[in-house]
Amino acid sequence: MDLKNNLQQLKDHVSQQIHDAKKIDQVEKIRVNLLGKKGELTKLLKGLKDLPNEQKPVIGKLANQIRLMLEKSIEDKKKDLNEAFFEKRMDSEKIDVTLPGRRPEIGTKHILQQIQDQIEDHFISQGYEVKYGKEIESDEYNFERMNLPKDHPARDMQDTFYITKNILLRTQTSAMQARSMDQHDFTKGPLKMISPGQVYRRDNDDATHSHQFHQVEGLVVGKNVSLADLKGTLQSLTDELFGKGHAMRLRQSYFPFTEPSIEVDISWNLVDENTAPEDIDWIEVLGAGMVHPNVLRMSHLDPNKYSGFAFGLGPDRFAMIKYGIDDIRNFYFDDIRFLKQFKQVGE
Ligand code: FA5
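Residue indices begin from 1 for each chain and proceed along its sequence in written order. Reporting of local features is limited, given that this is a predicted model, to residues whose pLDDT is at least 70; pairs of side-chain atoms are given and counted only at 80 or more, and all residues count toward the totals for whole chains, interfaces and linings. Side-chain metrics in this entry use all non-hydrogen atoms of the structure; hydrogen atoms and water are not considered.

**Student:** Even after reading the chapter, I still don't get the overall build of the chain, so can you show me in this structure?
**Tutor:** Scanning the chain from terminus to terminus reveals 11 helices and nine strands. In terms of overall dimensions, the chain is more spread out than a globule: its C-alpha atoms have a radius of gyration of 43 Å, far above the 20 Å expected for 347 residues. Once the C-alpha set of the chain is aligned to its principal axes, its extents read approximately 135 × 55 × 40 Å. With a 1.4 Å probe rolled over the protein chains alone, any residue whose accessible area is under 20% of its type maximum counts as buried; one over 50% counts as exposed, and the rest are partly exposed. Here the chain, with 347 residues, has 41% of them falling under the buried criterion. Residue contacts are defined here by distance: any two heavy atoms, one from each residue, within 4.5 Å place the two residues in contact. Of the contacts formed within the chain by residues at least 6 apart in sequence, a portion of 68% connects residues at least 24 apart. In this description, accessible areas are obtained by the Shrake-Rupley approach with a 1.4 Å probe, and a residue is regarded as covered only by the protein chains that are shown. On the chain, roughly 20,600 Å² of surface is accessible, and the fraction owed to carbon and sulfur atoms is 51%. Helix numbering and strand numbering both begin at the N terminus, where a helix is a DSSP run of H or I of at least 4 residues and a strand a DSSP run of E of at least 2. Taken over C-alpha atoms, the radius of gyration is set against a globule rule of 2.2 Å times the number of residues to the power 0.38.

This is how it looks when you write it as structure tokens:
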């Protein structure tokens, strides 16, 4: 009789435990405690053998019924908890399709590329071709064809990084002058080209110098090209890029590949006719001049028939003036906070 009572008590106790369980692993623990090798029911059933023979089938049947019933409750409880778990998870992972999407961060064109684009657009609208040269150049095109034979003292002005004795990182986009003259068919009309790109020099970096920077070369060769044409060309470019508030100044200069040679400065500050000359802060932005007769000759052009002007401008310095940036190194540090300021309209 004790065994029967114990079975009944175990059934009630375990049913309550199953009912109260909140997690699947709790239910699994109940199952092991009940039916495992050392489980409560297993232990009770070991007492069957000590019962009088006539009671054995009765209690045995009862024990079996209780076992089946508890096993079923355990399975049902596990199923319920499983379903509840998934329902909760589905609820938490519900996607609200009406929410606005998350936009991926899209980069912006580098400020120097934007300036280069503006310069290209300006010259394309005036009928110039755009030619992209190579950053790795030969000594011949970078120096010799620019009237700078080996051992010319002016080579010191532009020391660079050599790959071999005759192959180097170009110091100036002027290397594209001779290449363009070589390719151009002058019987079809004048050559008008610009050539933007990166150049390299063994310069010490400071606020206005970088060892790697950009240039845009310009070259016009034809009949009766004059210094006045050069001046007008530069004036219209600077007017378009800076507006009229920045003054332009031409200074006499020296380049082995132009004669005469000039350098052009632009005022950092905005000026008008009342600004005193000593209040203007100048920065040099380009070198230019009339193509040297030797350069024309090396390109098989007769200096008595052909003339030309050339210029090499620094877009980095243009950007500094246009946006009031006081240190050229900002362009090359890749600080996203700096670069982000120059998002183009529409980006
Ligand atoms: C030249 O490189 C000549 N090839 C320009 C030229 C072309 C003259 C055609 C005549 C005819 P220069 O070294 O002065 O010249 O450089 C031209 C411009 O490049 C400078 O006015 C300046 O705007 C820019 N520049 C020169 N060196 C640096 C530097 N280290 N960092 C940034 N910009 C520079």
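**Student:** Please explain the sheet that holds strand β6 (residues 248-255) as it appears in this structure.
**Tutor:** Strand pairing within a sheet occurs via backbone hydrogen bonds; the two strands may be parallel or antiparallel. Spatially, β1-β4-β5-β9-β8-β7-β6 is the arrangement adopted by the seven strands of the open sheet, whose pairing is mixed. For this open sheet the edge positions go to β1 (129-130) and β6, each flanked by a neighbour on one side alone. Think of it this way: DSSP has to see at least two bridges between two strands before they count as a pair. The pairing of β6 with strand β7 (residues 258-267) spans seven bridges and is antiparallel. Residue F255 lies in a different strand from β7, and its bridge partner there is T258. Helix axes are fitted only over the stretch in contact, all axes being lines through C-alpha atoms; the angle between N-to-C directions runs from 0 to 180 degrees. The strands touched by helix α10 (residues 315-323) are β5 (212-222), β7, β8 (282-291) and β9 (307-313); relative to β8, the strand with the most contacts, the crossing angle is about 140 degrees.

**Student:** Is there a simple way to explain the pattern of salt bridges in this structure?
**Tutor:** Opposite charge on two side chains allows them to pair when their charged atoms are near. Salt bridges are defined as contacts in which a side-chain nitrogen from Lys or Arg sits within 4 Å of a carboxyl oxygen from Asp or Glu. Counting across every chain of the model gives 22 salt bridges. Across the pair R89 and E93 runs a salt bridge whose closest N-O atoms are separated by 3.3 Å. In this structure R89 comes out as partly exposed when scored by relative accessible area, which is 40%. What you see here is one network of salt bridges that share partners, running through D139, E144, K150 and R155.

**Student:** Explain the packing of aromatic side chains to me, please; I cannot follow it from the model alone.
**Tutor:** The pairing test for Phe, Tyr and Trp rings, Trp by its six-membered ring, is centres within 6.5 Å, and the orientation test on the planes gives stacked under 30 degrees, edge-to-face over 60, and tilted for anything in between. Considering all chains together, one arrives at nine aromatic pairs under this definition. Site record: aromatic cluster; members linked through ring pairs are Y323, F331, F338 and F342. Placement of a positive charge over a ring is assigned whenever Lys NZ or Arg CZ falls within 6 Å of the ring centre and within 35 degrees of the normal to the ring plane. Looking at R179, its charged tip hangs above the ring of Y141, at a distance of 3.9 Å from the centre.

**Student:** What am I meant to see in helix α7 (residues 175-183) here?
**Tutor:** Residues that lie three or four places apart on an α-helix share one face, since the helix turns once every 3.6 residues. For α7, the full list of buried residues reads A175, M176, Q177, A178, S180 and M181. For α7, the secondary structure elements touched by its buried residues are β2 (136-138), α6 (139-142), β4 (191-200), β5, α9 (293-298) and β9.

**Student:** Can you help me understand the nonpolar core in this one?
**Tutor:** Side chains that are nonpolar tend, in soluble globular proteins, to be buried together. We call a set of buried residues a nonpolar core when its members are Ala, Val, Leu, Ile, Met, Phe, Trp, Tyr or Cys and they connect through side-chain atoms within 4.5 Å of each other. Counting residues in hydrophobic clusters, the biggest one holds 37 residues, and the most contacted among them are I119, L286, F311, F318 and F331. Discounting residues that sit within four places of it in the chain, F318 has contacts with I115, I119, L237, L241, F242, V285, L286 and L313. If you look at the next biggest cluster of nonpolar residues, it comprises 23 residues, including M146, A178, V221 and F255.

**Student:** Teacher, can you tell me more about the domain arrangement of the chain here?
**Tutor:** How big an interface is tends to be stated in terms of the accessible area lost upon association of its parts. Throughout, the edges of the domains are those of an automatic or database domain assignment. Split into domains, the chain comes out as domain 1 (2-92) and domain 2 (111-342). Each of domain 1 and domain 2 was reduced to a C-alpha centroid, and the two centroids are 91 Å apart.

**Student:** In this structure, what is going on with the site of the ligand? I would like to understand it.
**Tutor:** A cutoff of 4 Å decides nearness: a residue is near a molecule or strand if any of its heavy atoms lies inside that distance of it. Residues in contact with the ligand amount to 27 residues; listed here are only the nearest, Q172, S174, R201, D203 and E284. The definition of a polar contact used here is a pair of N or O atoms within 3.5 Å, where within protein one atom must be able to donate a hydrogen and the other to accept one, and adjacent residues in sequence count solely through side-chain atom pairs. Here an oxygen atom of the ligand sits 3.0 Å away from a polar atom, N or O, in the side chain of Q215. Backbone polar atom of V285 to an oxygen atom of the ligand: 3.0 Å apart, as the coordinates give it. At the level of elements, β5, β7, β8 and β9 are the ones that each hand at least two residues to the shell around the ligand. Looking at which element gives the most residues to the shell around the ligand, the answer is β8, with five residues.

**Student:** I keep staring at a nonpolar patch on the surface and nothing clicks. Help me out?
**Tutor:** For patch detection, residues must exceed 30% relative accessible area and be free of salt bridges, and they are connected within 9 Å for like charges or within 5 Å for nonpolar side chains (Val, Leu, Ile, Met, Phe, Trp, Tyr). A contiguous nonpolar surface patch, about 250 Å² in accessible area, is contributed by I136, I163 and I167. Note on placement: I163 falls in the loop between α6 and β3 (167-169).

**Student:** Which parts of the structure should I look at to understand the packing of helix α1 (residues 2-20) against helix α4 (residues 56-92)?
**Tutor:** Two measures define how a pair of helices packs: the angle their axes make with one another and the distance between the axes. Close contact between α1 and α4 brings their axes to 11 Å; oriented N to C, the two are set at 5 degrees. The angle between the axes of α1 and α4 places the two elements in the roughly parallel class. Residue-level inspection shows L3, K4, L7, Q8, K11, V14, S15, I18 and H19 of α1 in contact with α4, the latter providing I59, L62, A63, I66, M69, L70, S73, I74 and K77. In the scheme used here, Gly and all other residues not listed as nonpolar or charged are polar, with Ala, Val, Leu, Ile, Met, Phe, Trp, Tyr, Cys and Pro taken as nonpolar and Asp, Glu, Lys and Arg as charged. Split into classes, the residues belonging to the contact of α1 with α4 amount to 11 nonpolar, four polar and three charged. When describing relative orientation, an angle under 35 degrees is termed roughly parallel and one over 145 degrees roughly antiparallel, while 65 to 115 degrees is termed roughly perpendicular and anything else oblique.

**Student:** I tried to follow the side chain of H292 on my own but got confused; where do I start?
**Tutor:** Relative to the helices and strands, H292 is located in the loop between β8 and α9. Overall, H292 belongs to the buried group, its relative accessible area being 17%. Polar side-chain contacts of H292 include one of 3.0 Å to the backbone nitrogen of N294. In this view, H292 contacts N147, P256, F257, T258 and E259; residues no more than four positions away in its chain are not counted.

**Student:** Explain the environment of V271 to me, please; I cannot follow it from the model alone.
**Tutor:** Structurally, V271 can be placed in the loop between β7 and β8. Judged by its relative accessible area of 15%, V271 is buried. Each C-alpha atom of the pair V271 and T258 lies 30 Å from the other, and the pair is 13 residues apart in sequence. V271 has contacts with G245, A247 and I280, leaving out every residue within four places of it along the chain.

**Student:** What is the right way to read α4 from this model?
**Tutor:** To estimate the expected span of a helix, subtract one from its residue number and multiply by 1.5 Å. Between its first and last C-alpha atoms α4 spans 54 Å; for 37 residues at 1.5 Å apiece the expected length is 54 Å, and the two agree. Every buried residue of α4 is listed here: I59, L62, A63, I66, L70, I74, K77, K78 and L81.

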